[in-house]
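Here are the chains, one letter per residue:
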Amino acid sequence: MPFRSLILAVLLAAGAGAGAALAQPAAGLKLLWEGPYTPGGERRLVVHSATLDRDFVVNIAIPGAALVQPGQKLPAIYALDGGYGVAGPIGQMMGWSKTMAPAYVISIGYPEGQPNQRELDDLYATTQRGGQTVGGGGAAFAAFLTQELRPYLEQRYPLDPAAAILFGHSYGGLFTANVLAASPSAFAGYVIASPSVQADPALLQKLAASPPSGSAGQRVYVTAGGAEDPGMIAGASRIAALLAGPSAKFKVGSRVFPGQGHMAYYPDLVSAAFAWMLPPPAPAAPAPAAPTPAAGR
């Protein structure tokens, strides 16, 4: 089958699974614009949050239909900062190459021409940056994700509500750690990459005073780049140690990417985190070979 025809078949099948055409938005979320499927199998939405009274861009990278069993619901990885434009395509390629289990990758960012509010949204606590006070909107942003965006997407697409994963880097990693500390069961898995702990030192105090115990099967992956500021590496290491304590039930993985800087390791982070969080299913055992008939005499 020609490549273009194959892509079209995948998109049509995925669109059919998405539903029953289009469920109504979850309460508080308004769909402002919806683009067509791209040749690579992504769909872009612009939504308005009633909780925050702001707009967001949501890119949905859809796994190939050939990878999905009829009626199967899949995990969704919610990548902050728009996944820097690479999380979705990497996830699709990993699904096709069977280096991770098939999943939707949902990248959340900000519309062009509107302010980028990541410093407000990603920080639960306020901090000083460039002589200005920033942050303080983390809890409200978490409510948008869990009470507006996720229910809406879970109505429209075959997503497993019990298999959602939150993926954040830098301030996004700090946000992800705060969501875990405040509500461990909000997501089934957490990727905490290069968390900017220096912007919210109270996070470590909260984790140390009352470490979230998690539940059986929950995965947490904590990373940093080896060439980053030593304080950031130490913060990531401390978070991993607290979450892997004796009373914890999390399955915790941690990694420092040698010689790589804060942003330079992001593509490697995506592939490593996705494979660790959603390992591919084991290949089916080959059928036993039929016995060779004995040669006649």
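Our subject is the structure that appears above.
Just so we're clear, the structure is a prediction, and the values are computed from it rather than from any experiment.

(A) Molecular detail of empty space enclosed by the protein. Summed over all chains, the structure comprises two cavities of 30 Å³ or more. Within this model, the largest cavity holds a volume of roughly 50 Å³. What lines the largest cavity is Ile62, Pro63, Gly64, Leu67, Gly91, Gln92, Gly95, Trp96, Met100, Ala101, Pro102 and Ala103. Along the lines of polarity and charge, the residues of the lining of the largest cavity split into eight nonpolar, four polar and no charged. Taken as a whole, the second largest cavity encloses approximately 40 Å³ of empty space. Considering the residues around the second largest cavity, the lining is formed by Leu80, Asp81, Ile108, Tyr110, Arg118, Asp122 and Phe141. Of the residues that constitute the lining of the second largest cavity, the class distribution is four nonpolar, no polar and three charged.

(B) Representation of the sheet that holds strand 8 (residues 159-169) within the structure. Read across the open sheet, the nine strands follow the order 1-2-3-5-4-8-9-10-11; overall the sheet is mixed. The two strands at the open ends of the sheet, each matched to only one other strand, are strand 1 (29-34) and strand 11 (251-257). Looking at each pair of strands side by side, their axes are set apart by 20° on average, direction ignored. Pairing of strand 2 (residues 42-49) with strand 3 (residues 54-61) involves eight bridges; the strand directions are antiparallel. In the strand pairing of strand 3, Glu42 is matched with Ala61. In the packing of helix 4 (residues 138-156) onto the sheet, the strands contacted are strand 1, strand 2, strand 3, strand 4 (74-79), strand 5 (104-109) and strand 8, and the crossing angle to strand 1 comes to about 60°. With respect to the sheet, helix 5 (residues 171-182) is in contact with strand 8, strand 9 (189-193) and strand 10 (219-225), its orientation differing from that of strand 8 by roughly 135°.

(C) Broad picture of the nonpolar core. Residues Tyr78 and Leu153 are the most contacted members of the largest nonpolar core, which totals 52 residues. Among the elements that take part in this core, helix 4 stands out by supplying seven residues, more than any other. Ignoring sequence-local partners within four residues, the contact set of Leu153 consists of Leu45, Val58, Ile60, Tyr78, Ile106 and Leu159. Grouped together as the second largest cluster of nonpolar side chains are 24 residues, Ala87, Phe257, Tyr266 and Phe274 included.

Thresholds applied
Position labels on residues start from 1 in each chain and follow its written sequence. Local features in this predicted model are restricted to residues whose pLDDT is 70 or higher, and side-chain atom pairs enter the listing and the counts only when it is 80 or higher, whereas totals over whole chains, interfaces and linings include all residues. Think of the side-chain values as coming from all heavy atoms in the structure, minus any hydrogens and water. Using a grid of 1 Å spacing that covers the protein atoms alone, one calls a set of points a cavity when a 1.4 Å probe fits there but cannot get out, and a pocket when the set is open and has protein on both sides within 12 Å along at least five of seven lines; lining residues are those with an atom within 4 Å of a point. Grid points are joined across faces, edges and corners, and a volume is the space filled by probe spheres set on the points. Nonpolar residues are Ala, Val, Leu, Ile, Met, Phe, Trp, Tyr, Cys and Pro. Charged residues are Asp, Glu, Lys and Arg, and all others, Gly as well, are polar. When DSSP finds at least two bridges between two strands, those strands are taken to pair. Segments assigned H or I by DSSP are reported as helices when at least four residues long, segments assigned E as strands when at least two residues long, and all are numbered from the N terminus. Angles run from 0 to 180 degrees between N-to-C directions of axes, and those axes are lines fitted to C-alpha atoms, restricted for helices to the stretch in contact. Residue contacts are counted whenever heavy atoms from the two residues lie within 4.5 Å of one another. Here, the term nonpolar core denotes a set of buried Ala, Val, Leu, Ile, Met, Phe, Trp, Tyr and Cys residues that are joined through side-chain atoms within 4.5 Å. Accessible area is worked out with a 1.4 Å probe on protein chains only. A residue is then buried under 20% of its type maximum, exposed over 50%, and partly exposed in between.

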